Amino acid sequence: MSRSADPRGAMRRIALLVVTSAVATAALAAGTSPRFGFGKPVSEADLAAWDIDVRPDGKGLPEGSGSVMDGEAIYEAKCASCHGSFGESNEYHVLAGGVGSLQSAHPERTTGSKLNHATTLFDYIHRAMPYNAPQSLTDDEVYALTAYVLYLNDIVGDDLVLDRESLPTLVMPNADGFYPGVGFMSVDGEPDVKAPACMKNCPMTGKEISSLPESVRGAHGNLALQSRPIGYIRQGESMAEVQAAAAGGGAPVAVAELAPEALAEQGGCLACHAVVGSRKLGPSFNEVRERYQAEAGARAMLLAKLEAGGAGNWGEMPMPSVSYLPATDRERLVDWILSTPATGATP
Amino acid sequence: MKDSLLTGTRIRPAPENHLGEDVIQEARRRFMGGALMAGAAAMAAPAVAASAESLDIPEWTRQLGPGVGTHPYGMPSRYEANVQRRESPGLTRTKQSSVSFTPLQSLFGIVTPSGLHFERYHAGLPDIDPAEHRLAIHGLVEQPRLYTMDDLLRLPSESRFHFVECGANTAMEWGNSAVPTVQYTHGMLSCSEYTGVPLKLLLEESGYDRKLGKYLLAEGSDGAALTRTIGIDAALDDAMVVYAQNGEMLRPEQGYPLRLLVPGVQGISQVKWLRRLEVGDMPWNTREESLQYADFMPDGRYRQYTWIQEAKSVITTPSGGQVIMDKGYHQITGLAWSGRGRITRVDVSTDGGRNWREATLQAPVMSKCLTRFRCDWNWDGGPALLQSRAIDETGYVQPQMKQLREVRGTRSIYHNNAIQTWKVAEDGVVTNVQVS
């Protein structure tokens, strides 16, 4: 697990240092030839359409430019419906406002107040906005929108024109508001909370300081219908709710109803009957339909046949009873057989 | 004693249509009537009643059932229809950038069925043809490479069990008790067996720059083209590029056909629908590691790149929104996990953290994986405050909520790994509370 104990890695690092001090290209070629070599060697240019990330130092920013004024028109057309005309809408992420408020008693967490690098704004708009049409904006449009969102936050003036040179030089209001959580960046990092593993008479009062507010009761629906109704510990806000659910109080135990042909297959009917065409062991369903469709007592006769089985109508080979199928399924099968067009299509 | 109890519950007949209703009736009768003996006597005899109904032959015994192949890809019994991923109302504005929670209260053992693994999308679910999918590895490498799924499936593979937990799991509980069940408090947590190619192998194949290459950018091919910075240490340690989950290809919801897995690190870094890995010499400060997924500290500043999910545990039975329907024996059970390695111990308290005893851990205990713990409990019918506390192999002890708040305040959203309290009332109703 520890990389420092990996002598192979260490030797490679040393080897790399040595060779890079010599002729770089030759060294790289001789350095580490791939063990498998699968995957297609490509150039960075081949990856350009995907390689869209922009770092805080500006690496990755494309050519082009955009102004606050250009950005306003694009924003109104493509962004304002979700973010509000002034970037104030809380419906989705709030873009503007609250600059300087994070250290106050009432911090407003917005893109403008929170973001530490303007490059991130460009990167995100470029890769993921507009929400319903990501990666549809031109580089110029992204520069313009970035400029406009900064303007909405009073971070820049209305005459700003952004490009790959100017964007990384902008200093965001919260530029110093982030620091790396080093304790969480490696498994041997230092935790920030150190709790004792006390076992007896620990310093807990058992005093209840918070419970589910009455106002949110029921907000998550009927809890009794959100777990299985088996066991001595069941879900529900009360014994009454558990009881109601167990008594069938709306538990969504729905059976997906099989289509008639699938029912015929599962019921074993198709072992002896074809849906259309000629006889197998018994008549095809369209043969049955053609013979009996017009007869008044056909439905009752066929239902009796399915229940009791029997021979004679189509020869001496008896049909076994299919009373193992529930009565409702037998009725569905007979109705289907008597009504289905000869194509065999299910109604 | 335990055996006789289990036997006793088993022979109780279950009517066909109202499964288990008799259990409730009997529990009510004993509760309300006060006929239950206390203590050990209760454990010995949960009143199986000489009045047990005589058995009928059920309908399913007297008929031929559907044949094989009815469901070429099998589904759970229809009686399990309540066990589903669920959304927490009002949490998000659109379903395309949202989350659904795993029903932890209904699951057993440590593996999350793939169809119940929690979902988190940022721009909806992409429908990716694996034949068209590509993974690019470039940046500070000797030779950028573009891999097809054919290439990746040909490389040496590994399988390991790991948990995935969203960094915002339990976020709603920072300020106060807010949601009713463990599905909503802790359900952005799942555990699977993953199969794929060690990321270290791919990096070595690329000839990455061992001196300058300190970070990776991982990028998805969904409509968010989601990006996260990965530390090279984690990438070389046990990270994988995975294509399979619980024996089959990844579910679309979990990144089909390819995702990154950085064990122990928060879910957002397990970039799904993975299309690109770039080696670099500095973190990228992406939107998902600045505007989101950074910890808002009491001084009004943000702690960034807080990747690792620290040791945490939760009791899943009994848990919030449940009702204990009988006094006497019940097994307390739950899950523990740590992003720093193996769980070494889980303690359980029934008095709100004053006194603790050690739970049994299900073997094998695996690194950065869910660990199931179990503990016998004889409920005397009185009020109780249930807690569990995980300790991992680094010696880290899961903190009480108040200990966490002393350092982090209450506004952080992310990385709430505090001890959870479930209050058991005398009527058996279990609710979500916080205690001091």
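Residues numbered from 1 in each chain as written. Chains lettered and ligands numbered in written order. Predicted model: local features only at pLDDT ≥ 70, side-chain atom pairs only at ≥ 80, totals over all residues. Heavy atoms only, no water.

Student: Would you take a moment to explain the overall build of chain A for this structure?
Tutor: Helix and strand counts for chain A come out as 12 helices and 6 strands. Here chain A holds 347 residues, and 41% of them are scored as buried. Of the roughly 18000 Å² of accessible surface on chain A, a fraction of 57% belongs to carbon and sulfur atoms. (Helix = DSSP H or I, 4+ residues; strand = E, 2+ residues; numbered from the N terminus. Buried < 20%, exposed > 50% of the residue type's maximum accessible area, 1.4 Å probe, protein only. Areas by Shrake-Rupley, 256 points an atom, 1.4 Å probe, with all protein chains shown as cover.)

Student: Even after reading the chapter, I still don't get the overall build of chain B, so can you show me in this structure?
Tutor: The helix and strand inventory of chain B stands at 8 helices and 24 strands. Of the roughly 15500 Å² of accessible surface on chain B, 53% is carried by carbon and sulfur atoms.

Student: Just to check I follow, could you spell out the interface of chain B and chain A for this structure?
Tutor: Many descriptions give the size of an interface as the accessible area lost when the pieces come together. Contacts between chain B and chain A engage 152 residues on the former and 122 residues on the latter. The tally of links between chain B and chain A comes to 10 salt bridges. In this structure, the salt-bridge partner of A:Lys59 is B:Glu278, at a minimum N-O distance of 3.5 Å. The tally of links between chain B and chain A comes to 67 residue pairs in polar contact (both at pLDDT 80 or more). The leading source of residues in the side of chain B that touches chain A is helix 2 (residues 21–33) of chain B, at 7 residues. Grouping the constituent residues of the side of chain B that touches chain A by class yields 54 nonpolar, 52 polar and 46 charged. For strand 5 (residues 208–211) of chain A and strand 24 (residues 430–435) of chain B, the ladder comprises 3 bridges, and the chain directions are antiparallel. Note that in strand 24 of chain B the partner of A:Ser211 across the bridge is B:Val433. (Contact = heavy atoms within 4.5 Å. Salt bridge = Lys/Arg side-chain N within 4 Å of Asp/Glu carboxyl O. Polar contact = N/O pair within 3.5 Å; in protein donor to acceptor, adjacent residues only side chain to side chain. Nonpolar A, V, L, I, M, F, W, Y, C, P; charged D, E, K, R; others polar. Pairing = 2+ DSSP bridges.)

Student: How do you make sense of the packing of aromatic side chains when you look at a structure like this?
Tutor: Between two aromatic rings, the relevant description is the distance of the centres plus the angle of the planes. Applying the stated rule across the entire model yields 13 aromatic pairs over all chains. Aromatic rings pair up to connect A:Tyr75, A:Tyr148 and A:Tyr151 into one cluster. Across the ring face of A:Trp314, the terminal group of A:Arg291 is positioned such that the distance to the ring centre comes to 3.5 Å. Across from the ring centre of B:Trp356, 4.2 Å away, lies the NZ or CZ of B:Arg389, which sits over that ring. (Phe/Tyr/Trp six-rings, centres within 6.5 Å; stacked < 30°, edge-to-face > 60°. Lys NZ or Arg CZ within 6 Å of the ring centre and 35° of its normal.)

Student: Even after reading the chapter, I still don't get the environment of A:Pro213, so can you show me in this structure?
Tutor: Its place among the elements puts A:Pro213 in the loop between strand 5 and strand 6 (233–235). Discounting chain neighbours no more than four positions away, the residues touching A:Pro213 are B:Asn176 and B:Ser177.

Student: So what exactly am I meant to see when it comes to the sheet that holds strand 14 (residues 302–304) of chain B here?
Tutor: The strands making up a sheet associate through hydrogen bonds between their backbones, and the pairing can be parallel or antiparallel. A sheet is described by the order of its strands in space; here 3 strands give the open sequence 4(A)-14(B)-13(B), paired in mixed fashion. In this open sheet, the two edge strands, each paired with only one partner strand, are strand 4 (178–180) of chain A together with strand 13 (295–296) of chain B. Both strand 4 of chain A and strand 14 of chain B contribute to a ladder of 3 bridges, which runs parallel. Paired with A:Pro180 across the strands is B:Gln304, a residue of strand 14 of chain B.

Student: So what exactly am I meant to see when it comes to the pattern of salt bridges here?
Tutor: Should their charged atoms come close, side chains of opposite charge can pair. Enumeration over the complete set of coordinates arrives at 35 salt bridges over all chains. A salt bridge links B:Glu158 to B:Arg160; its shortest N-O distance comes to 3.1 Å. Shared partners join several salt bridges into a network, and the residues in it are A:Asp51, A:Asp53, A:Lys59, A:Asp123, A:Arg127, B:Glu219, B:Arg275, B:Arg276 and B:Glu278.

Student: What is the right way to read the sheet that holds strand 18 (residues 343–349) of chain B from this model?
Tutor: The strand order 5(A)-24(B)-23(B)-22(B)-18(B)-19(B) describes an open sheet built from 6 strands, whose pairing is antiparallel. The strands lining the two open edges of the sheet, one partner per strand, are strand 5 of chain A together with strand 19 (357–358) of chain B.

Student: Mind showing me how you'd approach the state of the cysteines here?
Tutor: If you walk through the whole model with that rule in mind, you get 1 disulfide over all chains. Between the sulfur atoms of A:Cys198 and its disulfide mate A:Cys202 the distance is 2.1 Å. Note on the A:Cys198 and A:Cys202 pair: the S-S dihedral is about -100°, so by sign convention the disulfide is left-handed. Just so you know, A:Cys82 is unpaired, no disulfide at all, and the nearest cysteine sulfur is the one on A:Cys79, 8.7 Å from it. With no disulfide of its own, B:Cys369 has B:Cys191 as its nearest cysteine by sulfur position, at a separation of 3.7 Å. (Disulfide = S-S within 2.5 Å.)

Student: Looking at this structure, I do not really get the nonpolar core. What am I missing?
Tutor: Where a protein is soluble and globular, its nonpolar side chains tend to be buried together. Membership of the largest hydrophobic core comes to 59 residues, with the highest contact counts inside it found for B:Leu135, B:Leu199, B:Leu202, B:Leu203, B:Val241 and B:Leu260. Considering every element that reaches this core, the biggest residue donor is strand 9 (residues 240–245) of chain B, with 5 residues. If we ignore the near neighbours within four places in the chain, the residues touching B:Leu135 are B:Arg145, B:Leu146, B:Tyr147, B:Leu152, B:Leu202, B:Val241, B:Leu258, B:Leu274, B:Arg275, B:Arg276 and B:Leu277. Membership of the second largest hydrophobic core comes to 33 residues, among which are A:Val54, A:Val68, A:Leu115 and A:Leu145. (Core = buried A, V, L, I, M, F, W, Y, C linked by side-chain atoms within 4.5 Å.)

Student: Help me out: how do you make sense of the side chain of B:Asp222 in this one?
Tutor: All names here are of chain B. With respect to the helices, strands and loops of the structure, Asp222 is situated in the loop between strand 7 (215–220) and strand 8 (227–231). Here Asp222 sits buried without a salt bridge, and the closest side chain of opposite charge, Arg275, lies 7.7 Å off (N-O distance). A polar contact of 3.5 Å, which involves the side chain of Asp222, links it to the backbone nitrogen of Leu226. The residues contacting Asp222, other than those within four sequence positions of it, are Ala123, Pro126 and Trp273. (Lys, Arg positive; Asp, Glu negative; His and termini not counted.)

Student: How should I be thinking about the side chain of B:Ser88 in this particular structure?
Tutor: In this fold, B:Ser88 is placed in the loop between helix 3 (39–44) and strand 1 (98–100). Here B:Ser88 falls in the buried class, since its relative accessible area comes to 7%. Excluding residues within four positions of it along the chain, B:Ser88 makes contact with A:His220, B:Phe101, B:Met172, B:Val179 and B:Tyr184.

Student: What am I meant to see in the packing of helix 10 (residues 285–292) of chain A against helix 12 (residues 327–339) of chain A here?
Tutor: Between two packed helices, what matters for the description is the angle formed by their axes and the separation of those axes. Residue and element names in this part refer to chain A. Packing of helix 10 against helix 12 leaves a shortest axis separation of 7 Å and a crossing angle of 75°. Relative to helix 12, helix 10 is oriented roughly perpendicular. Contact residues: helix 10 offers Phe285, Val288, Arg289 and Tyr292, while helix 12 offers Trp336, Ile337, Leu338 and Ser339. Considered class by class, the residues forming the contact of helix 10 with helix 12 number 6 nonpolar, 1 polar and 1 charged. (Axes fitted to C-alpha atoms, helices over the stretch in contact; angles between N-to-C directions. Parallel < 35°, antiparallel > 145°, perpendicular 65-115°, else oblique.)

Student: Would you take a moment to explain the confidence of the model for chain A for this structure?
Tutor: Detailed reading of predicted coordinates is not advised where the pLDDT is low. For chain A, mean pLDDT is 85; residues scoring 70 or higher make up 86% of the total. Considering only residues more than four positions removed or in separate chains, one finds that residues 1–30 of chain A, a stretch of pLDDT under 50, has 16 contacts. (pLDDT = per-residue confidence, 0-100.)

Student: What is the right way to look at the packing of helix 11 (residues 298–308) of chain A against helix 12 of chain A in this model?
Tutor: Residues and elements named next belong to chain A. For the pair helix 11 and helix 12, interaxial distance at closest approach is 10 Å and the crossing angle is 130°. Accordingly, the angle class assigned to the pair helix 11 and helix 12 is oblique. Here helix 11 and helix 12 pass one another in a crossing that is right-handed. Here helix 11 contributes Ala298, Arg299, Leu302, Leu303, Leu306 and Glu307 to the contact with helix 12, which in turn contributes Arg330, Glu331, Val334, Asp335 and Leu338. Here the contact of helix 11 with helix 12 is composed, by residue class, of 6 nonpolar, no polar and 5 charged. (Left-handed = near helix turned anticlockwise from the far one by under 90°.)

Student: Would you mind showing me how to read helix 8 (residues 239–246) of chain A here?
Tutor: Residues lying three or four places apart along an α-helix face the same way, a consequence of the helix completing one turn every 3.6 residues. Residue and element names in this part refer to chain A. Every buried residue of helix 8 is listed here: Met239, Val242, Gln243, Ala245 and Ala246. The arc enclosing the buried residues of helix 8, seen along the axis, measures out at 160°, which places them on a common side. Where helix 8 terminates, the next one or two residues include Gly248, which has phi positive at roughly 90°. (Arc of directions from axis to C-beta.)

Student: How do you make sense of helix 7 (residues 139–152) of chain A when you look at a structure like this?
Tutor: Residue and element names in this part refer to chain A. A rise of 1.5 Å per residue sets the reference length of helix 7, with its 14 residues, at 20 Å; its end C-alpha atoms lie 20 Å apart and thus fit the reference within 8%. In terms of burial, helix 7 is largely enclosed, as 10 of its 14 residues are buried. Listed as buried for helix 7 are Val142, Tyr143, Ala144, Leu145, Thr146, Ala147, Tyr148, Val149, Leu150 and Leu152. At its buried positions, helix 7 is contacted by strand 2 (65–67), helix 3 (68–78), helix 6 (118–128) and strand 3 (161–163). Of the residues flanking the end of helix 7, it is Asp154, one or two places downstream, whose phi is positive at about 60°. (Expected span 1.5 Å × (residues − 1).)

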